[in-house]
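# Examining the three-dimensional arrangement
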Amino acid sequence: ARRLHRSLLEIGVKSKFLAIDQVSYKPGVNEISLTRTPIQKFVNGVTSALQARISKKTFFSISSFSNISVPDILNEYPPTTNVIHIHNFFNLLSASDIEEILKLGYKVVFTLHDQRLMTAGCHYSLECLGFQQSCNNCPLAPTFLRAKIESQHDKFSFLRNYSSQIVVIAPSLW
């Protein structure tokens, strides 16, 4: 994502790069480090740790919390002349944030190194094809989480309504 941002800048395209602040992240030209509150860091950390225990085969991220205010970030970028490129939205944007961006009329490019937009949270479906229906009987998840997983799968169903605004790049072989 950063290489793409820098390449766009090199050819004269205006580009801004947003990332969650981390010790290893040093913002470059037109890059913004998004600072989280201590409460956001705590909630994101606990959620990530719990979700990492769901399966040993693939990482699950059933929940993704918003850590930004979409209107505040986008207020200077009109939807008619800007494209939002989402490389990784985990604990940066929620499903409702993505829907809000699309409702505002932005074109959105998703670069997927995982399958979370198609599954209920599995980063990789592996041999499972349940995501093609509803993920309601996920073989990797504990029984008590299956209802949550099914509802998570449904959260991204709004994407169908915005197919003319969405481009998906899937660089992985899956």
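None of these values were measured; they are calculated from a predicted model.

Moving on, we come to the packing of aromatic side chains. This structure, assessed with the given rule, holds two aromatic pairs. Each ring, one from phenylalanine 156 and one from phenylalanine 158, has its centre 6.1 Å from the other, and the planes form 35 degrees; the classification is tilted. You can call phenylalanine 156 buried: its relative accessible area is 7%.

Looking now at the confidence of the model for the chain. When pLDDT is averaged along the chain, the result is 80, and 95% of the positions lie at 70 or above. Here helix H3 (residues 70–74) stands out as the element of the chain with the lowest mean pLDDT, 75, in contrast to helix H4 (residues 95–103), whose mean of 89 is the highest.

Here we come to the layout of surface pockets. Each pocket or cavity is described by its volume, and for the largest pocket that value is around 1,400 Å³. What lines the largest pocket is a set of 43 residues, among which Lys16, Phe17, Leu18, His85 and Ile86 lie closest to the centre. Contributions of two or more residues to the lining of the largest pocket are made by helix H1 (2–10), strand E1 (17–20), H3 and strand E3 (83–86). The residue inventory of the lining of the largest pocket, partitioned by class, reads 24 nonpolar, 13 polar and six charged. Computed from the structure, the second largest pocket encloses a volume of approximately 360 Å³. Leu117, Met118, Phe156, Leu159 and Arg160 are, among the 16 residues lining the second largest pocket, the residues nearest its centre. Among the secondary structure elements, those contributing two or more residues to the lining of the second largest pocket are helix H5 (146–155) and strand E5 (166–169). By residue class, the composition of the lining of the second largest pocket is nine nonpolar, five polar and two charged.

Neighbouring strands of a sheet are bound in pairs by backbone hydrogen bonds; such pairs are parallel or else antiparallel. Pairing within the open sheet is parallel, and its three strands lie in the order E3-E4-E5. Looking at the sheet topology across the chains shown, the edges are occupied by E3 and E5. Averaged over all pairs of adjacent strands, the angle between their axes in this sheet comes to 15 degrees, without regard to strand direction. Of the pairings in the sheet, the one linking strand E4 (residues 107–111) to E5 comprises four bridges and is parallel in character. Paired with valine 109 across the two strands is valine 167, which belongs to E5. Across the sheet, H4 is in contact with E3, E4 and E5; its angle to E4 comes to roughly 140 degrees.

So, on to a nonpolar patch on the surface. A contiguous nonpolar surface patch, about 490 Å² in accessible area, is contributed by Ile39, Phe42, Val43, Val46 and Leu50. Mapped onto the fold, phenylalanine 42 is located in helix H2 (residues 38–52).

Summed over the entire model, instances satisfying the criterion amount to two salt bridges. Note that arginine 2 is salt-bridged to glutamate 31, the shortest N-O span being 2.5 Å. One end of the pair, arginine 2, is in helix H1; the other, glutamate 31, is in strand E2 (residues 31–34), with 29 residues separating them in the sequence. By relative accessible area, glutamate 31 is classed as buried at 9%. Linking glutamate 31 and arginine 6 is a salt bridge whose minimum nitrogen-to-oxygen distance equals 4.0 Å. Taken together, the residues glutamate 31 in strand E2 and arginine 6 in helix H1 connect sequence positions 25 residues apart. One continuous salt-bridge network, built from bridges that share partners, spans Arg2, Arg6 and Glu31.

About the cut-offs
- Within any chain, residue numbers begin from 1 and follow the written order of that chain's sequence.
- At least 70 in pLDDT is required for a residue's local features to be given in this predicted model, at least 80 for side-chain atom pairs to be given and counted, and no such filter applies to totals for whole chains, interfaces and linings, which use all residues.
- Hydrogens and water molecules were not included; the side-chain quantities draw on all heavy atoms of the structure.
- Centres within 6.5 Å make a pair out of two Phe, Tyr or Trp rings, where for Trp the six-membered ring is used; the pair is then stacked when the planes are under 30 degrees apart, edge-to-face when over 60, and tilted otherwise.
- Each residue's exposure class comes from its accessible area (1.4 Å probe, protein chains only) as a fraction of the maximum for that residue type: buried when under 20%, exposed when over 50%, partly exposed otherwise.
- Along the chain, pLDDT gives the predictor's confidence residue by residue, from 0 to 100.
- Put simply, DSSP marks the helices as runs of H or I at least four residues long and the strands as runs of E at least two long, and each gets a number from the N terminus on.
- Definitions used throughout: a 1 Å grid over protein atoms alone; a cavity as a set of points that fits a 1.4 Å probe which cannot get out; a pocket as an open set with protein on both sides within 12 Å along at least five of seven lines; a lining residue as one with an atom within 4 Å of a point.
- Grid points are joined across faces, edges and corners, and a volume is the space filled by probe spheres set on the points.
- Residues are grouped as follows: nonpolar covers Ala, Val, Leu, Ile, Met, Phe, Trp, Tyr, Cys and Pro; charged covers Asp, Glu, Lys and Arg; every other residue, Gly included, is treated as polar.
- Paired strands, in this sense, are two strands between which DSSP finds at least two bridges.
- For helices, the fitted line uses only the C-alpha atoms of the stretch in contact; every axis is such a line through C-alpha atoms, and the angle between N-to-C directions lies from 0 to 180 degrees.
- Any two residues having at least one pair of non-hydrogen atoms within 4.5 Å are treated as being in contact.
- Like charges are joined within 9 Å and nonpolar side chains (Val, Leu, Ile, Met, Phe, Trp, Tyr) within 5 Å, but only among residues with over 30% relative accessible area and no salt bridge; these make up the patches.
- Per-residue and other accessible areas were derived by the Shrake-Rupley procedure at a 1.4 Å probe size, with only the shown protein chains allowed to occlude residues.
- For salt bridges, the criterion is a side-chain nitrogen of Lys or Arg within 4 Å of an Asp or Glu carboxyl oxygen.

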